[in-house]
Amino acid sequence: MIDLRSDTVTKPTHQMREAMLIAPVGDDVYAEDPTVNELEQRVAQLLGHEAGLFCVSGSMCNMLGVRLLVEPGQEVVCDVQAHIARAEMGGHAAAHGLTMRTFPSSRGGLEPAEVAKIISPSAGPYLVSTAAVAVENTHNFGGGTIQPFAELASVAELCRAHGIGYHLDGARLWNAHVATGVALEAYGGLFDTVSVCFSKGLGAPVGSVLVSTAENIAKARVMRKRLGAGWRQAGVLSAACLYALDHHVQRLADDHAAARTFADAVAGCVATAVNPDDVETNVVVIDTGTTPAAPIAAAAAERGVQVSALGPFMIRAVTHLDVTADDCEWAGHLVGKLLAE
Ligand SMILES: Cc1ncc(COP(=O)(O)O)c(C=O)c1O
């Protein structure tokens, strides 16, 4: 089976498991796990922030990061396809009492003019006040799209000018960094809070880190415990993340090339299904036209290729550590042929 449903499906490599086996550990609720502490410090430093907090998931880091910037009853502004709006089970509202307002965007793009149009800081007694803007880079449902640095910077300026917060959902920031060459620190420096994931393209089994000021991270540590997510000898997990940082970042370029290979193969069968030039990182979005996506995904799975039917006429394929370029070429031909039938 060639599984292209997501880059979250990777299994830890043998060497990663060895790193987990020998990791020194301690009780992280007492801040005594040396491997967790090392990961938190290292990620904070990479992103140019004071401190980090290792959490179980990207969703949790996003929930804590946004909550640091937005009080209950206030709103965070994001795009209509943002992971925080669509795929975090309403956790931001259910657990933290905040609302979201979304702006339309093409392929998940940031659209600074749209952001400027809808934010309403200090809206007084009649309207909900905007307390933060959240951005996703790369953008998952948009198709692995990279937010141009100049646009990220212009929204940073807008947020500063209005005295509101700026959060980055950087679950796949590593992919943006490898594809563009923009330093992680340069990305990180634009934002008040940043979350990054290790269980996507980097291939770790579990784990995300939230970075911000030392004061914010101390608050987030309390909120995390309140959600029941303080953990103990979590060093066995952060060891996998440290291993991934050392060995799996630069190789993301291979995933990007494999995604392009997959898209070329699909487009070779049905030119209108995907424009290979739209593939910026490791995600490929296929437009199935008038053919329903779910039966195509089911037929592909029967023949050994798993992809996600993410909309009635939309299929997503994501490349990762556990598939080769040859796998992706073969899978692209199969999906393309099914679409052409
Ligand atoms: C852009 C983005 N942000 C956040 C997350 C959440 O990560 P997790 O599944 O670890 O909660 C995901 C998951 O795929 C994602 O794609």
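Structural data are supplied above this passage.
Reading the values: the criteria
- Residues numbered from 1 in each chain as written.
- Predicted model: local features only at pLDDT ≥ 70, side-chain atom pairs only at ≥ 80, totals over all residues.
- Heavy atoms only, no water.
- Salt bridge = Lys/Arg side-chain N within 4 Å of Asp/Glu carboxyl O.
- Helix = DSSP H or I, 4+ residues; strand = E, 2+ residues; numbered from the N terminus.
- Buried < 20%, exposed > 50% of the residue type's maximum accessible area, 1.4 Å probe, protein only.
- Near = heavy atom within 4 Å.
- Polar contact = N/O pair within 3.5 Å; in protein donor to acceptor, adjacent residues only side chain to side chain.
- Areas by Shrake-Rupley, 256 points an atom, 1.4 Å probe, with all protein chains shown as cover.
- Nonpolar A, V, L, I, M, F, W, Y, C, P; charged D, E, K, R; others polar.
- Core = buried A, V, L, I, M, F, W, Y, C linked by side-chain atoms within 4.5 Å.
- Contact = heavy atoms within 4.5 Å.

**Considering the pattern of salt bridges**
Part 1 of the reasoning: In total, this model carries 14 salt bridges according to the counting rule given.
Part 2 of the reasoning: A salt bridge links E75 to R101; the nearest nitrogen and oxygen atoms lie 2.8 Å apart. Of this pair, E75 sits in strand β3 (residues 75–79) while R101 sits in strand β4 (residues 99–103), placing them 26 residues apart in sequence.
Part 3 of the reasoning: Under the relative-accessibility criterion, E75 is labelled buried at 3%.
Part 4 of the reasoning: In this structure, the salt-bridge partner of D255 is R251, at a minimum N-O distance of 2.5 Å. Take D255 and R251: they sit in the same class, and that class is buried.

**A closer look at the site of the ligand**
Part 1 of the reasoning: Around the ligand, the surrounding shell consists of S57, G58, S59, N62, H83, E88, E136, N140, D169, A171, R172 and K200.
Part 2 of the reasoning: Within the side chain of S59, one N or O atom sits 2.6 Å away from an oxygen atom of the ligand.
Part 3 of the reasoning: In the environment of the ligand, a nitrogen atom lies 2.7 Å from a nitrogen or oxygen atom belonging to the side chain of D169.
Part 4 of the reasoning: When the free accessible area of the ligand is taken as 390 Å², the share hidden by the protein chains comes to 85%.
Part 5 of the reasoning: Tallying contributions element by element places helix α3 (residues 58–69) first for the shell around the ligand, with 3 residues.
Part 6 of the reasoning: Residue classes in the shell around the ligand are distributed as 1 nonpolar, 6 polar and 5 charged.

**Examining the nonpolar core**
Part 1 of the reasoning: Core analysis: the largest hydrophobic core is formed by 51 residues, its most contacted members being L39, V43, V133, Y166, V196 and F198.
Part 2 of the reasoning: Broken down by element, this core gets its largest block of residues, 6 residues, from helix α12 (residues 235–247).
Part 3 of the reasoning: In contact with V196, other than residues within four places in its own chain, are V43, L47, G170, A171, L173, W174, S208 and V209.
Part 4 of the reasoning: Grouped together as the second largest cluster of nonpolar side chains are 30 residues, A263, A293, I296 and V307 included.

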